[in-house]
Amino acid sequence: MARFASYERALDGLEMLLTDRDHVCGARFTMADAYAGAQVDWGMAFGSMPRRPVFEAYAHRGRARPACQAAKAISTANRWGR
């Protein structure tokens, strides 16, 4: 937080980064997106991060990935004992 000075400024920086690109590192999905995407999605789901249009679109792109959907299906099956 020392660099951004506040949570709001950090969110503004992330929003600016994701405004003109699909992924954290540009055009390609990387491990940075696996981490950042999970944080954005979780934060919005539980209210610790605001729902901004750029964040919503980023989270949607992550959830639409086949690997994410497969992992969620495994997690759900394990949770319910299937």
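Just so we're clear, the structure is a prediction, and the values are computed from it rather than from any experiment.

Novice: So, the overall build of the chain: which residues are in play, and what are the values?
Specialist: When its secondary structure is counted, the chain shows four helices and zero strands. Along the chain direction, N to C, the helices and strands of the chain fall in the order α-α-α-α. For the chain, the C-alpha atoms occupy an extent of roughly 45 × 30 × 20 Å along the three principal directions. Of the contacts made within the chain by residues no fewer than 6 positions apart, 45% connect residues no fewer than 24 positions apart.

Novice: Please set out the side chain of His23 residue by residue, giving values where relevant.
Specialist: Here His23 is to be found in the loop between helix H1 (7-19) and helix H2 (31-45). In this structure, His23 is in contact with Leu18, Arg28, Phe29, Asp33 and Tyr58, ignoring residues within four places of it in sequence.

Novice: Describe the packing of H2 against helix H3 (residues 53-63), listing the residues and the values that go with them.
Specialist: At a minimum axis separation of 9 Å, H2 and H3 run at an interaxial angle of 120°. Classified by the interaxial angle, the pair formed by H2 and H3 is oblique. The handedness of the crossing between H2 and H3 comes out as left-handed. Together, Ala32, Asp33, Ala36, Gly37, Val40, Asp41 and Met44 of H2 and Phe55, Glu56, Tyr58, Ala59 and Arg63 of H3 make up the contact between the two elements. Looking at the contact of H2 with H3, its residues break down into seven nonpolar, one polar and four charged.

Novice: Explain the pattern of salt bridges residue by residue, including any values.
Specialist: What the rule picks out here adds up to seven salt bridges. Across the pair Arg63 and Asp41 runs a salt bridge whose closest N-O atoms are separated by 2.5 Å. Highlighted residues: Arg63 in helix H3 and Asp41 in helix H2, separated in sequence by 22 residues. Asp41 sits in the partly exposed class, given a relative accessible area of 24%. The network of salt bridges with common partners includes Glu8, Asp12, Glu15 and Arg52.

Novice: Go over the packing of aromatic side chains, please, and point to the residues and values.
Specialist: Applying the stated criterion across every chain yields a total of one aromatic pair. Positioned over the ring face of Phe29 is Arg65, at 3.7 Å from the centre of the ring.

Novice: Tell me about the nonpolar core, and name the residues and values.
Specialist: Where a protein is soluble and globular, its nonpolar side chains tend to be buried together. Of all hydrophobic cores here, the largest spans eleven residues; its members are Leu11, Leu18, Val24, Ala36, Val40, Met44, Met49, Val54, Phe55, Tyr58 and Ala59. For this core, the secondary-structure elements that each account for two or more residues are H1, H2 and H3. Ignoring anything within four residues of it in the chain, the contact list for Met44 reads Met49, Pro50, Arg51, Phe55, Glu56 and Ala59.

Calculation criteria
- Residues numbered from 1 in each chain as written.
- Predicted model: local features only at pLDDT ≥ 70, side-chain atom pairs only at ≥ 80, totals over all residues.
- Heavy atoms only, no water.
- Helix = DSSP H or I, 4+ residues; strand = E, 2+ residues; numbered from the N terminus.
- Contact = heavy atoms within 4.5 Å.
- Axes fitted to C-alpha atoms, helices over the stretch in contact; angles between N-to-C directions.
- Parallel < 35°, antiparallel > 145°, perpendicular 65-115°, else oblique.
- Left-handed = near helix turned anticlockwise from the far one by under 90°.
- Nonpolar A, V, L, I, M, F, W, Y, C, P; charged D, E, K, R; others polar.
- Salt bridge = Lys/Arg side-chain N within 4 Å of Asp/Glu carboxyl O.
- Buried < 20%, exposed > 50% of the residue type's maximum accessible area, 1.4 Å probe, protein only.
- Phe/Tyr/Trp six-rings, centres within 6.5 Å; stacked < 30°, edge-to-face > 60°.
- Lys NZ or Arg CZ within 6 Å of the ring centre and 35° of its normal.
- Core = buried A, V, L, I, M, F, W, Y, C linked by side-chain atoms within 4.5 Å.

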